[in-house]
Amino acid sequence: FAIEKHLFVLSTDADMYEACVKIANIKGEVPVIENITETTKKPGIITTHTFFIDGQDFASAGIVSTQVKSILKSIGYDSLLIRRVAISTYEAEMNVVMHAKRADVFLSASDKEIGVIINDEGKGIENIELAMKEGYSTATEEQRAMGFGAGMGLPNIKKNSDIFRIESKINKGTFIEIIFYVK
């Protein structure tokens, strides 16, 4: 499938975004991420950021979660906490790329908790209870051929978060709030 569609397949033990940056640097093309803005800070909040994800943009998939990971590392959070946030953010990001038109992602971090909100515009989730079951997937054959659609996205988000809330409206979109406690 990848050959027919002229897609690149990259396999790496490194972070996927970092691997892509290394490849781009070899070619002399350093990606510029222009879809991030720091929002106004509120009392008690260390940092807040807003990101944007375009649906079907598989070439940029993973950039937001990598940026979130870098921001949290620069603040000095525990590496296991950062890993949980990065995994959950990546899973939500891939759901947007695969199933929605676009999404806004909001990150807030304090000394007590890290929050990630994903608010997408898309087809919505018809049956959230079913979508929460491991292995359930509505991925297309093309998405599966690219290695996506194992049906572990929402279960992985729930497993890695302390609080997980999801709401969805058919033909409108999905709202996900993920909270991680800082211990």
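Residues numbered from 1 in each chain as written. Predicted model: local features only at pLDDT ≥ 70, side-chain atom pairs only at ≥ 80, totals over all residues. Heavy atoms only, no water.

K.L.:
Can you walk me through the overall build of the protein chain in this structure?
P.N.:
Broken down by element type, the protein chain carries 6 helices and 6 strands. By sequence separation, contacts in the protein chain at least 24 residues apart represent 60% of the contacts at least 6 residues apart. (Helix = DSSP H or I, 4+ residues; strand = E, 2+ residues; numbered from the N terminus. Contact = heavy atoms within 4.5 Å.)

K.L.:
Would you mind going over the confidence of the model for the protein chain with me for this structure?
P.N.:
Regions with low pLDDT should not have their predicted coordinates read in detail. Of the residues in the protein chain, 77% reach a pLDDT of 70 or more, and the chain-wide mean stands at 85. Confidence over residues 25–37 falls short of pLDDT 50; this stretch has 21 contacts with residues more than four positions distant or in other chains. (pLDDT = per-residue confidence, 0-100.)

K.L.:
Could you clarify how one ought to interpret the environment of G151 in this entry?
P.N.:
Tracing the backbone through its elements, the reader meets G151 in the loop between α5 (141–145) and α6 (153–160). A C-alpha to C-alpha distance of 8.3 Å links G151 and A139, two positions 12 residues apart in sequence.

K.L.:
Any chance you could explain helix α3 (residues 79–99) here in plain terms?
P.N.:
Quick reminder: α-helices carry 3.6 residues per turn. Residues three or four places apart thus point the same way. With 21 residues, α3 extends 30 Å between its outermost C-alpha atoms, agreeing within 8% with the 30 Å of an ideal straight helix rising 1.5 Å per residue. In this structure D78 caps α3, since a side-chain oxygen of it lies 3.0 Å from the backbone nitrogen of L80. (Expected span 1.5 Å × (residues − 1). Polar contact = N/O pair within 3.5 Å; in protein donor to acceptor, adjacent residues only side chain to side chain.)

K.L.:
Explanation requested: the packing of aromatic side chains in the structure shown.
P.N.:
What characterises a pair of aromatic rings is the spacing of the ring centres plus the angle enclosed by the ring planes. Using the criterion set out here, one finds 1 aromatic pair in the structure. Ring centres of F58 and F148 lie 5.6 Å apart, and the angle between their planes is 35°; on these two criteria the pair is classed as tilted. Taken together, the residues span a long stretch of sequence, with F58 in the loop between β2 (45–54) and α2 (63–75) and F148 in the loop between α5 and α6 at a distance of 90 residues. Judged by its relative accessible area of 23%, F148 falls in the partly exposed class. (Phe/Tyr/Trp six-rings, centres within 6.5 Å; stacked < 30°, edge-to-face > 60°. Buried < 20%, exposed > 50% of the residue type's maximum accessible area, 1.4 Å probe, protein only.)

K.L.:
Looking at this structure, I do not really get α6. What am I missing?
P.N.:
Most of α6 is tucked away, with 6 of its 8 residues classed as buried. Residues G153, L154, P155, N156, I157 and N160 constitute the buried set of α6. Buried residues along α6 sit in contact with α3, α4 (128–131), β5 (163–169) and β6 (173–181).

K.L.:
Would you mind showing me how to read the pairing of strand β4 (residues 113–122) here?
P.N.:
Every other side chain in a regular strand lies on the same face of the sheet, so the side chains alternate between the two faces. Pairing of strand β3 (residues 100–110) with β4 involves 9 bridges; the strand directions are antiparallel. Bridge assignment links F106 to a residue of β4, and that residue is I117. As defined by bridge partners, β4 adjoins β6 across 7 bridges and the pair is classed as antiparallel. Pairing of V116 across the sheet is with I178, part of β6. (Pairing = 2+ DSSP bridges.)

K.L.:
I tried to follow the environment of R144 on my own but got confused; where do I start?
P.N.:
Residue position: R144 is located in helix α5. Ignoring sequence-local partners within four residues, the contact set of R144 consists of S137, A139 and G149. At 3.4 Å, the side chain of R144 and the backbone oxygen of A139 are in polar contact.

K.L.:
Just checking my understanding: could you explain the side chain of N156 for this structure?
P.N.:
Looking at the secondary structure, you find N156 in helix α6. Within the local environment of N156, its side chain forms a polar contact with the side chain of E91, the two groups lying 2.9 Å apart. If near-sequence neighbours (up to four positions away) are discounted, N156 is found in contact with S88 and E91.

K.L.:
What's the story with the packing of α3 against α6 in this structure? I'm lost.
P.N.:
Axis angle and axis distance: for two packed helices, these are the angle between their axes and the distance between the axes, and together they describe the pair. With their axes 9 Å apart at the nearest point, α3 and α6 run at an angle of 155° to one another. Relative to α6, the element α3 lies roughly antiparallel. At the point where α3 passes α6, the crossing takes the left-handed sense. When α3 is examined against α6, the residues R84, I87, S88, E91, A92 and N95 are found in contact with a partner set consisting of G153, L154, N156, I157 and N160. Here the residues of the contact of α3 with α6 are counted per class, giving 4 nonpolar, 5 polar and 2 charged. (Axes fitted to C-alpha atoms, helices over the stretch in contact; angles between N-to-C directions. Parallel < 35°, antiparallel > 145°, perpendicular 65-115°, else oblique. Left-handed = near helix turned anticlockwise from the far one by under 90°. Nonpolar A, V, L, I, M, F, W, Y, C, P; charged D, E, K, R; others polar.)

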